[in-house]
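# Structural features, examined
Read off the chains here:
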Amino acid sequence: MLFDSEKYLELRSALGPDVTLVPVSKTKPAPAILEAYEMGVKDFGENYVQELREKQPMLPQDIRWHFIGHLQSNKVKYLAPFIYMIQSVDSSSLLIEINKQARKCQRQIKVLLQVHVAQEETKFGWNSQELADYLKKEEWKALSNISIEGVMGMASLVDDPKQIKAEFDQIYQCFLQLNEKVFHERPMTIVSMGMSGDWALAIESGSNLIRVGSALFGSRN
Ligand SMILES: *Cc1c(COP(=O)(O)O)cnc(C)c1O
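We now turn to the structure provided with this report. (Residues numbered from 1 in each chain as written. Predicted model: local features only at pLDDT ≥ 70, side-chain atom pairs only at ≥ 80, totals over all residues. Heavy atoms only, no water.)

## Section: the overall build of the protein chain
Scanning the protein chain from terminus to terminus reveals nine helices and eight strands. For a compact globule of 221 residues, the expected C-alpha radius of gyration is about 17 Å, and the protein chain comes in at 17 Å, within 12% of that figure. Among the 221 residues that make up the protein chain, the fraction classed as buried is 49%. Restricting the contact set of the protein chain to residue pairs at least 6 apart, pairs at least 24 apart contribute 59%. Here the protein chain contributes 25 positive and 28 negative side-chain charges, whose respective centroids are spaced 6 Å apart. (Helix = DSSP H or I, 4+ residues; strand = E, 2+ residues; numbered from the N terminus. Rg over C-alpha atoms; globule rule 2.2 N^0.38 Å. Buried < 20%, exposed > 50% of the residue type's maximum accessible area, 1.4 Å probe, protein only. Contact = heavy atoms within 4.5 Å. Lys, Arg positive; Asp, Glu negative; His and termini not counted. Charge placed at Lys NZ, Arg CZ, Asp CG, Glu CD.)

This is the structure we're talking about:
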């Protein structure tokens, strides 16, 4: 068994219709993804450009690939022809590059803005204030080949549910504030937070997209 279909169905029904479940297939081979696809799963999350470039041509072309890992600007061109959504946008230069490469492919690419709230310095993303300051300048409005659909974030890798919940609340507050201050004409709709270990807390805080890897595909090496 490469994909835990029972667990998937259980999770899917616990979530309700308004929450998108994106199985994270990083490090997992194409046959594992096909098993999930055959159950009707169309959205998958991947972290590594090279790995995704290798798997994407072997798999059904109607899969909606979500890029969720740290993305270097010089690699955007490899994803632009097919990527459905880039969730891990952590700088204005990356937004500009995605727009440029999307235009070359005559596509519009959906993006989420990655918000950094966790303690760990290694996690990428904007802090809420930087993000608000950048967006208020309205340069992003000229980027017609991207569409900013929401925010994405991760909690710290800690055991304390109170801390995790507080961090998810901060991400949700950032989403609300940006909608109020910046996106009032066309509000963002997606709040991507929650993984195998903390998705239930994320949902309590207002998440409507969870990214679940090991709970569905088994642990990674
Ligand atoms: C790997 C990863 C996930 C999935 O993590 P699991 O704990 O295996 O569910 C979710 N989001 C991001 C950004 C990841 O890198």
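## A word on the site of the ligand
The full set of residues close to the ligand is Val24, Lys26, Asn47, Ile68, Met154, Met195, Ser196, Arg211, Val212, Gly213, Ser214 and Arg220. Within the contact set of the ligand, an oxygen atom lies 2.8 Å away from a side-chain nitrogen or oxygen of Arg220. Counted by class, the shell around the ligand contains five nonpolar, four polar and three charged residues. (Near = heavy atom within 4 Å. Polar contact = N/O pair within 3.5 Å; in protein donor to acceptor, adjacent residues only side chain to side chain. Nonpolar A, V, L, I, M, F, W, Y, C, P; charged D, E, K, R; others polar.)

## Brief notes about the pairing of strand S3 (residues 64-67)
Here strand S2 (residues 43-46) pairs with S3 via four bridges, running parallel. Opposite Glu46, over in S3, you have Phe67 as the bridge partner. Since S2 and S3 lie parallel, the crossover through helix H3 (residues 49-55) that links them has a hand, and here it is right-handed. Here two bridges tie S3 to strand S4 (residues 85-89), and the two strands are oriented parallel to one another. (Pairing = 2+ DSSP bridges. Right-handed = clockwise from strand over helix to strand, strands pointing away.)

## Observations concerning the packing of helix H6 (residues 128-136) against helix H7 (residues 161-181)
One way to put it is that H6 packs onto H7 with a least axis distance of 11 Å and a crossing angle of 20°. On the basis of their axis angle, the class for H6 and H7 is roughly parallel. H7 is crossed by H6, and the crossing has right-handed handedness. Across the interface between the two elements, Ser128, Leu131, Ala132, Leu135 and Lys136 of H6 pack against Cys174, Leu178 and Lys181 of H7. Looking at the contact of H6 with H7, its residues break down into five nonpolar, one polar and two charged. (Axes fitted to C-alpha atoms, helices over the stretch in contact; angles between N-to-C directions. Parallel < 35°, antiparallel > 145°, perpendicular 65-115°, else oblique. Left-handed = near helix turned anticlockwise from the far one by under 90°.)

## Structural notes on the environment of Ser156
By the secondary structure assignment, Ser156 is in the loop between strand S6 (146-154) and H7. Once you skip the residues sitting within four places of it in the chain, Ser156 turns out to touch Ala118, Gln119, Glu120, Lys123, Gln163, Ile164 and Glu167.

## Observations regarding the side chain of Lys28
Mapped onto the fold, Lys28 is located in the loop between strand S1 (20-23) and helix H2 (30-37). Buried charge without a partner: Lys28 forms no salt bridge, and the closest opposite charge is Glu51, 9.2 Å away. For Lys28, the residues in contact, after removing those within four places along its chain, are Ile33, Glu51, Lys55, Phe217, Gly218, Ser219 and Arg220. (Salt bridge = Lys/Arg side-chain N within 4 Å of Asp/Glu carboxyl O.)

## Comments concerning unusual backbone geometry
The phi torsion at Thr27 lies on the positive side, around 70°, for a residue other than glycine. Note on placement: Thr27 falls in the loop between S1 and H2. Taking relative accessible area as the criterion, Thr27 reaches 41% and is therefore assigned partly exposed. The residue Glu138 is not glycine, and still its phi comes out positive at about 65°. Structurally, Glu138 can be placed in the loop between H6 and S6.

Just geometry here; none of it tells us what the structure is for.
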